[in-house]
Each structure stands twice: as structure tokens, then as C-alpha cells.
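Chains, contacts and geometry: an overview
Residues per chain, in single letters:
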Amino acid sequence: MKVAVVGATGLVGTKMLQVLAERNFPVTELIPVASEKSIGKEITYKGKQYKVVSVADAISMKPDVALFSAGGSASLEQAPLFAAAGTTVIDNSSAWRMDPTKKLVVPEVNADVLTAEDKIIANPNCSTIQMVVALKPLHDKYKIKRVVVSTYQSVTGTGVKAVDQLMNERKGIDGPKAYPYTIDLNVLPHIDVFTENGYTKEEMKMVKETNKIMGDDSIKVTATTVRIPVMGGHSESVNIEFLHEFDLAEVRSLLENSPGIIVVDDVANLKYPMPLDAHDKDEVFIGRLRRDESQEKTLNCWIVADNLRKGAATNAIQIAEYLVEKHLIGQAVEA
Ligand code: 2RA
């Protein structure tokens with residue numbers, strides 16, 4: 001497979017290269033793509049050096065698949081150019097997620113919606129991905145009525161500048177700011193921009209993307225998304241109300257036997273999911289399973305995942321793996 005990674009020098013792009021190598025994706029030719037200022041830079045993939053090229057050069061090389069993490073505006077402009085050349089684009093930005101003509105995919109949940117005709121496929125928001133991996137088996141078994149989620153999101157979700165701000169603040173160094181306030185020893189109930197309904201875009205992504213991925217607009221979702229000074233991944237406190245009654249032991253067993261999930265739930269021995277443990281892993285970690293004793297047919301749980309991996313790079317590459325497995329990635333056609 002000729003694979004382009006667009007945004008190859010960013011946090012997620014770099015993670016895409018790492019995951020492609022770790023999962024031994026069938027790359028026959030790697031095409032790292034980045035903005036003008038990075039063209040000519042060298043990146044290493046599986047011990048070999050590759051020069052970063054321009055979008056135009058990458059398109060002319062006719063990749064079979066292009067993994068995008070280059071921001072929404074770049075994707076809106078460039079993804080159609082790749083698609084027109086026959087490349088299948090898997091885009092990590094929010095640009096295409098709510099487009100009714102584009103698929104929004106978490107392989108453990110809805111890979112079966114994909115067809116060979118899908119030339120631009122949207123990778124969901126990281127905080128949505130980890131949640132729907134857990135919701136899917138529970139919804140299939142007990143039918144979900146409503147989800148209330150509060151997130152505790154790593155600064156890596158913002159990018160390099162935010163990581164630098166946190167580390168500088170830790171060292172008492174005054175440097176560039178990614179946030180309007182100090183992030184160290186603080187939490188910011190504000191991710192992305194506020195909308196006219198008082199929610200942030202991040203919160204509305206969790207609401208709308210969940211319905212689209214689960215294929216069920218009847219699921220009510222409300223979210224509060226919060227930035228916290230950690231690195232390893234995003235954590236979420238999730239309250240799930242079902243239509244049907246459940247048995248807690250059955251819920252645990254169901255999750256333990258569902259794809260992409262590791263249950264870490266033994267509070268007697270202080271075993272529960274934490275970002276430091278989820279860091280650089282591809283699974284979604286679930287724990288603190290317990291009934292909501294204030295309301296029947298309702299479950300509380302705690303969900304943690306590495307937002308750069310399952311929340312971005314790995315999910316995108318799992319989509320590509322599915323396309324390869326089902327022979328849905330076509331050879332790039334003549335432009
Ligand atoms: C964040 N989910 O964590 C958003 C985008 N990566 O900032």
C-alpha cells in the first residue's frame with residue numbers, strides 16, 4: 001500500500017507513523033506530507049529516512065490511502081484533491097464528521113457502514129471514540145436512553161504548544177500559551193470554542209458524533225468537557241441510563257468480551273483505569289463499574305484511553321486495516 005501521512009510532523013501525524021510501524025500495516029511506500037515550512041525535512045519510518053513532500057507532489061504519487069491530521073481547513077481543501085486522484089482519505093479533523101455524505105467510523109462500532117465508494121472517511125473526535133467503544137456492547141444489549149459524560153482531557157489533545165505550556169509552567173518558565181489561563185495545578189472547563197447554547201464545540205461533538213456513529217438519534221447525550229494537566233490520555237466519567245434492566249456482573253462480562261476494551265475494575269485492590277497506564281496503548285480501559293443508586297437501570301463507569309492512539313492515530317489506522325481486509329481500498333486511478 002502506498003500510504004501518505006498528511007501532517008506527518010505533528011503530534012498525531014508522528015503517532016500515526018509509530019502505529020503504522022507497530023501494527024505492521026502493509027506499507028510499500030510511505031509519503032510523509034506537511035506544510036511548506038517542513039518540506040524537505042526527513043522523518044524516520046522503520047529505520048529508513050523519508051523526505052517530507054508537498055501536497056501536490058504526494059497527490060502525483062497516487063497513494064492508495066492518505067491519513068490526514070492537518071487541521072480542518074487543510075482537509076477541506078486537500079482531501080477532495082486526493083480523493084479525485086483515487087486515494088482513500090481518512091481524516092482526523094472535524095471537517096467532514098457531520099457531513100451527511102461522509103462516514104464517521106469507529107471500527108469496533110460501525111465499520112460495516114464502509115464501502116469502496118467512501119473516498120473521504122472521517123475519524124471521530126478522540127473523546128467520542130473512547131466513549132462509543134464502551135457504549136456499543138451496552139446499547140446492543142440494554143438499549144441506551146441517555147448518557148451524561150464529564151471528561152478530563154489531556155493537554156496532548158490541544159497539541160505541542162499546550163504540552164510545552166504545561167511543562168514550562170512546571171519548571172517556572174514563562175513561555176508561549178496555548179490556553180487563556182495557567183493549566184498546571186488547574187483545570188479548564190473549556191475545550192474548543194463556546195457556542196451560542198453555552199456548550200463548547202467539544203461538548204457538542206460528543207453529542208452529535210455519538211448519535212451518528214451509533215446510528216441512533218434517540219440516544220440523549222449531554223457532556224461537560226474539561227482540560228486537565230495530564231499527558232497520557234483522556235478520562236471520562238460516564239453515567240448511562242438504559243431502557244432495560246441490567247445485571248452488573250453481566251455488564252462486566254459483556255465489556256470484558258467486547259473488542260478493543262480492557263476492564264480494570266478491582267477497587268478492593270485499588271485497580272482502576274488511569275491515563276499513565278493507558279499511555280501508548282490502543283485499548284479503551286473501563287472501570288469503576290457501579291449502579292447509579294439514585295436512579296434505576298442506570299450505570300456509572302470510568303473510561304480512559306490514549307487520545308493520540310485510540311483517540312486518533314490507531315482508530316484511523318484500524319479503519320485503513322478494515323478497508324484492506326475487505327478489499328475496499330482501490331488502486332489510485334489516473335487523475
Ligand atoms: C482535544 N478532543 O482534546 C480535542 C481535539 N483533539 O483538544
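Residues numbered from 1 in each chain as written. Predicted model: local features only at pLDDT ≥ 70, side-chain atom pairs only at ≥ 80, totals over all residues. Heavy atoms only, no water.

1. Regarding helix α7 (residues 201-214)
Look at α7: 19 Å from first C-alpha to last across 14 residues, which is about the 20 Å you get at 1.5 Å a residue. The buried fraction of α7 is high, at eleven of 14 residues. Inspection of α7 places E202, E203, M204, K205, M206, V207, E209, T210, N211, I213 and M214 among the buried residues, and these make up the whole buried set. In this structure, the buried residues of α7 make contact with β7 (103-104), α4 (107-110), α5 (126-142), β9 (144-153), β10 (220-227) and β11 (234-242). (Helix = DSSP H or I, 4+ residues; strand = E, 2+ residues; numbered from the N terminus. Expected span 1.5 Å × (residues − 1). Buried < 20%, exposed > 50% of the residue type's maximum accessible area, 1.4 Å probe, protein only. Contact = heavy atoms within 4.5 Å.)

2. Considerations on the UniProt feature "binding site: NADP(+)" (unreviewed entry) in the protein
UniProt feature "binding site: NADP(+)" (unreviewed entry): in the numbering of this structure it lies at T9, G10, L11, V12, K37, S38 and N307. Sequence-wise these annotated residues cover 299 residues; spatially they are dispersed, their C-alpha atoms as much as 26.6 Å apart. Residue class for T9 comes out partly exposed when judged on its relative accessible area of 37%. Beyond its immediate chain neighbours, meaning those up to four positions away, T9 contacts T14, A34, S38 and V52. Taking relative accessible area as the criterion, K37 reaches 75% and is therefore assigned exposed. (UniProt positions renumbered as here; feature names shortened; annotations may be inferred.)

3. A word on the confidence of the model for the protein
Mean pLDDT over the protein: 96, with 98% of residues reaching 70 or higher. Taken together, the chains of this predicted complex give a pTM of 0.96 and an interface ipTM of 0.97. (pLDDT = per-residue confidence, 0-100.)

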